[in-house]
Amino acid sequence: QVGLVESGGGLVQAGDSLRLSCAASGLTFSDYAMGWFRQAPGKEREFVTHISQTGSTTDYAGSVKGRFTISRDNAKKTVYLEMNSLKPEDTAVYYCAAHLNSGFTPLRARQYKYWGQGTQVTVSS
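Okay, so let's go over this structure. As the structure is a computational prediction, the values presented were derived from the model and not from experiment.

1. Describing the state of the cysteines
Counted according to the given criterion, the structure contains 1 disulfide. A sulfur-sulfur distance of 2.0 Å marks the disulfide that ties Cys-22 to Cys-96. One quick way to see it: the torsion about the S-S bond of Cys-22 and Cys-96 is about 55°, and its sign makes the bridge right-handed. Here Cys-22, found in strand β3 (residues 18–25), pairs with Cys-96, found in strand β9 (residues 92–99); they are 74 residues apart in sequence, far enough to count as distant. Across the pair, exposure class does not vary: Cys-22 and Cys-96 are buried alike.

Encoded structure:
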């Protein structure tokens, strides 16, 4: 059974940093490219960032580029999201997701096969 479990969310002030983790189980982690999405109340789930199977390629939404960094450790079956200079508009539930394709960055949630349960990030002003 495949599982993706996010952790590291919390309540922080604007300008602070957080690091989210997503631990995978039940799959060959190095076969999967990984993404982070987020969903704020009343809004659609939106793409945040993506990393290829080897970690050699990353992509970011414009709203987080330069502030967020995605990385992965295939030996630990874990993907990370380092978030710096957090803003109130970053407040959302953050989800990690996995897909098997390679060579492009899926931006739509339906393109991902497996999802975690999400972790809440709240940034106060």
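Now that the structure has been shown, the text picks up again.
2. With respect to unusual backbone geometry
We note that Lys-77 has phi near 55°; this positive angle belongs to a residue other than glycine. Locating Lys-77 in the fold gives a position in the loop between β7 (68–73) and β8 (78–83). Using a relative accessible area of 34% as the deciding quantity, one classes Lys-77 as partly exposed. Its identity as a non-glycine residue notwithstanding, Ser-85 has a phi of 50°, on the positive side. Topologically, Ser-85 is positioned in the loop between β8 and β9. On the basis of relative accessible area, Ser-85 is assigned to the partly exposed category, the value being 39%.

3. Let's talk about the packing of aromatic side chains
Taken as a whole, this structure holds 6 aromatic pairs when the rule is applied. Their ring planes at 55° and their centres at 5.9 Å tell us that Tyr-32 and Tyr-114 sit as a pair that is tilted. On the criterion of sequence distance, the pair formed by Tyr-32 in the loop between β3 and β4 (33–39) and Tyr-114 in strand β10 (residues 114–115) is long-range, its members being 82 residues apart. For Tyr-114, a relative accessible area of 22% corresponds to the partly exposed category. On the basis of an interplanar angle of 80° and a centroid distance of 5.0 Å, the ring pair of Phe-37 and Tyr-112 is categorised as edge-to-face. Taken together, the residues Phe-37 in strand β4 and Tyr-112 in the loop between β9 and β10 connect sequence positions 75 residues apart. The exposure classification of Phe-37 matches that of Tyr-112, with both residues buried.

4. Focus: the pattern of salt bridges
If you walk through the whole model with that rule in mind, you get 3 salt bridges. The salt bridge involving Arg-38 is made with Glu-46; its shortest N-O contact spans 2.6 Å. We classify Arg-38 as buried; its relative accessible area is 6%. Classification of Glu-46 by relative accessible area gives partly exposed; the value is 35%. The partner of Asp-90 in a salt bridge is Arg-38, and the shortest N-O contact between them spans 2.9 Å. One end of the pair, Asp-90, is in the loop between β8 and β9; the other, Arg-38, is in strand β4, with 52 residues separating them in the sequence. Here Asp-90 matches Arg-38 in class, with each residue buried. The network of salt bridges with common partners includes Arg-38, Glu-46, Arg-67 and Asp-90.

Conventions used here
Residues numbered from 1 in each chain as written. Predicted model: local features only at pLDDT ≥ 70, side-chain atom pairs only at ≥ 80, totals over all residues. Heavy atoms only, no water. Disulfide = S-S within 2.5 Å. Helix = DSSP H or I, 4+ residues; strand = E, 2+ residues; numbered from the N terminus. Buried < 20%, exposed > 50% of the residue type's maximum accessible area, 1.4 Å probe, protein only. Phe/Tyr/Trp six-rings, centres within 6.5 Å; stacked < 30°, edge-to-face > 60°. Salt bridge = Lys/Arg side-chain N within 4 Å of Asp/Glu carboxyl O.

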